Amino acid sequence: MLADFFLDFMVIDPNTKYLVVVPSSSPENTHAGGTGKATIASGTTMDNQLVFDLFTHVMEASALVSPDACLCEKSK
């Protein structure tokens, strides 16, 4: 399941102590294309929102179809 993948893939950010997606990129970041700036980051807003929505929907669906307290607790 995709939620399980992200629970295994995400790491704890040393600055915020939150689980984040690394490496991460977001559409508002500029591309390196000769500017010398990197576009890879840790826990971009885009990824944070996508993962938040994924976990929220998995918990809602689990409550309706087949409650999985363990998964819901891990996703919080």
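Just above, that's the structure.
Below or above, wherever it landed, is the structure these notes cover. Since this is a predicted model, take the numbers as computed values, not measurements.

### Points about the packing of aromatic side chains
Alright, step 1. On inspection of all chains with the given rule, the structure shows 2 aromatic pairs.
Alright, step 2. Relative to F9, the ring of F5 has its centre 5.2 Å away and its plane inclined at 15°; by these criteria the two rings are stacked. Pair noted here: F5 and F9 are both in helix α1 (residues 2–9), with a separation of 4 residues, about one helical turn.
Alright, step 3. Among the residues examined, F5 registers a relative accessible area of 44% and is labelled partly exposed.
Alright, step 4. Of the residues examined, F9 reaches a relative accessible area of 33% and is grouped as partly exposed.
Alright, step 5. Grouped by ring-pair contacts, the aromatic residues F5, F6 and F9 constitute a single cluster.

### As for the nonpolar core
Alright, step 1. Ranked by size, the top nonpolar core spans 9 residues in total: A3, F6, L7, M10, V21, V51, L54, F55 and V58.
Alright, step 2. Residue assignment for this core shows that the elements contributing at least two residues are α1 and α2 (45–65).
Alright, step 3. Looking at this core element by element, the count peaks at 4 residues for α2.

Thresholds, definitions, all that
Every chain's residues receive numbers from 1 upward, in the order its sequence appears when written. For this predicted model, a pLDDT threshold of at least 70 governs which residues receive local features, and a threshold of 80 or more governs which side-chain atom pairs are given and counted, while totals over whole chains, interfaces and linings are taken from all residues. In computing side-chain properties, one takes all heavy atoms of the structure into account and sets aside hydrogens as well as water. Two aromatic rings, drawn from Phe, Tyr or Trp (for Trp, its six-membered ring), form a pair once their centres lie within 6.5 Å of each other, and the interplanar angle then sorts them: stacked below 30 degrees, edge-to-face above 60, tilted otherwise. In this text, helices come from DSSP runs of H or I with a minimum length of four residues, and strands from runs of E with a minimum of two, each type numbered from the N-terminal end. Each residue's exposure class comes from its accessible area (1.4 Å probe, protein chains only) as a fraction of the maximum for that residue type: buried when under 20%, exposed when over 50%, partly exposed otherwise. We call a set of buried residues a nonpolar core when its members are Ala, Val, Leu, Ile, Met, Phe, Trp, Tyr or Cys and they connect through side-chain atoms within 4.5 Å of each other.

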